Amino acid sequence: AWGFVESKQPTDVASATFIGKAERQIESDTAKWTVTLGRTASSTVQATQLLEADRKKFEEAVTKAGVSDAIYSYQSLRVQAAYRDGYSEDYYEPASAYQTVTIESKLPGALGAFNQSAAANLRSAGLNLSGERIEFSYSKMTELEQELTKTAAENARKQAESMLGNQLGKLRSLDRPQLTVRS
């Protein structure tokens, strides 16, 4: 049966591959910043109280910076009691309290600008921040990929028409696009 099918297919199946290109400049529409606030004191109770005050100052600074839609997620509070080494009277570690905060916003420009200046400004106000990591994303990536694929296919067809003219046949295959994001 396969021999019969093979004999009925056209023998002239010449093909050519053309690679289309599409580019688009976009701006992220969402930002997510993860930072750890920390405080040390003589007791865990005092460190926790100071951290709570710092958290309020931090939220006020975020709002003052223009990030009016901030959504905060707080991880569990981590507390460690004061420690004195029994072998060395000179070694003393104060009590500490730490909490990781994640801020999400649909105002990536405002949150990004705050991220750039916040660490220095907040540290000068007595807050201890660490691990400042900010992520930017674009929420309409699926729609963008479809649009760019269509544009790239049109670009490849124009290349083929310019090279092959009226000899151009039907599209036989379309590979999944290779999407590259550059910042």
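Caption draft 1: Structural detail: the overall build of the chain. In terms of regular secondary structure, the chain is built from four helices and seven strands. Counting helices and strands in the order they occur from the N terminus, the chain gives α-β-α-β-β-β-β-β-α-β-α. Contacts in the chain between residues at least 24 apart in sequence constitute 74% of all its contacts with a sequence separation of at least 6. If you sum the accessible surface of the chain, you get close to 13400 Å²; carbon and sulfur atoms cover 49% of it.

Caption draft 2: Quick peek at the environment of glycine 131. With respect to the helices, strands and loops of the structure, glycine 131 is situated in strand β7 (residues 128-137). Look at glycine 131 and you get exposed, because its relative accessible area is 55%. Distance from glycine 131 to threonine 34, taken between C-alpha atoms, is 7.4 Å for residues 97 residues apart in sequence. Those residues in contact with glycine 131 that lie beyond four places of it in its chain are Thr34 and Val35.

Caption draft 3: How the structure looks around the pattern of salt bridges. For the coordinates displayed, the defined rule picks out six salt bridges. Lysine 21 is the salt-bridge partner of glutamate 23, the closest N and O atoms lying 3.7 Å from each other. By relative accessible area, which is 56% here, glutamate 23 ends up exposed. Since its relative accessible area comes to 57%, lysine 21 is described here as exposed. In this structure, aspartate 54 and arginine 39 form a salt bridge, with 2.5 Å as the shortest nitrogen-oxygen distance. Of this pair, aspartate 54 sits in helix α2 (residues 44-64) while arginine 39 sits in strand β1 (residues 30-41), and the two are 15 residues apart along the sequence.

Rules and cut-offs
Think of each chain on its own: its residues are numbered from 1, step by step along the sequence as written. Totals for whole chains, interfaces and linings use all residues, but because this is a predicted model, local features are given only for residues with pLDDT of at least 70 and pairs of side-chain atoms are given and counted only at 80 or more. Side-chain calculation: all heavy atoms of the structure are included, whereas hydrogens and water are not. By the criteria applied, helices consist of DSSP H or I runs no shorter than four residues and strands consist of E runs no shorter than two, each listed in order from the N terminus. What makes two residues a contact is simply this: any of their non-hydrogen atoms within 4.5 Å. For the accessible areas, the method is Shrake-Rupley and the probe is 1.4 Å, while residue cover comes only from the protein chains on display. Accessible area is worked out with a 1.4 Å probe on protein chains only. A residue is then buried under 20% of its type maximum, exposed over 50%, and partly exposed in between. By convention in these notes, a salt bridge is any Lys or Arg side-chain nitrogen within 4 Å of a carboxyl oxygen on Asp or Glu.

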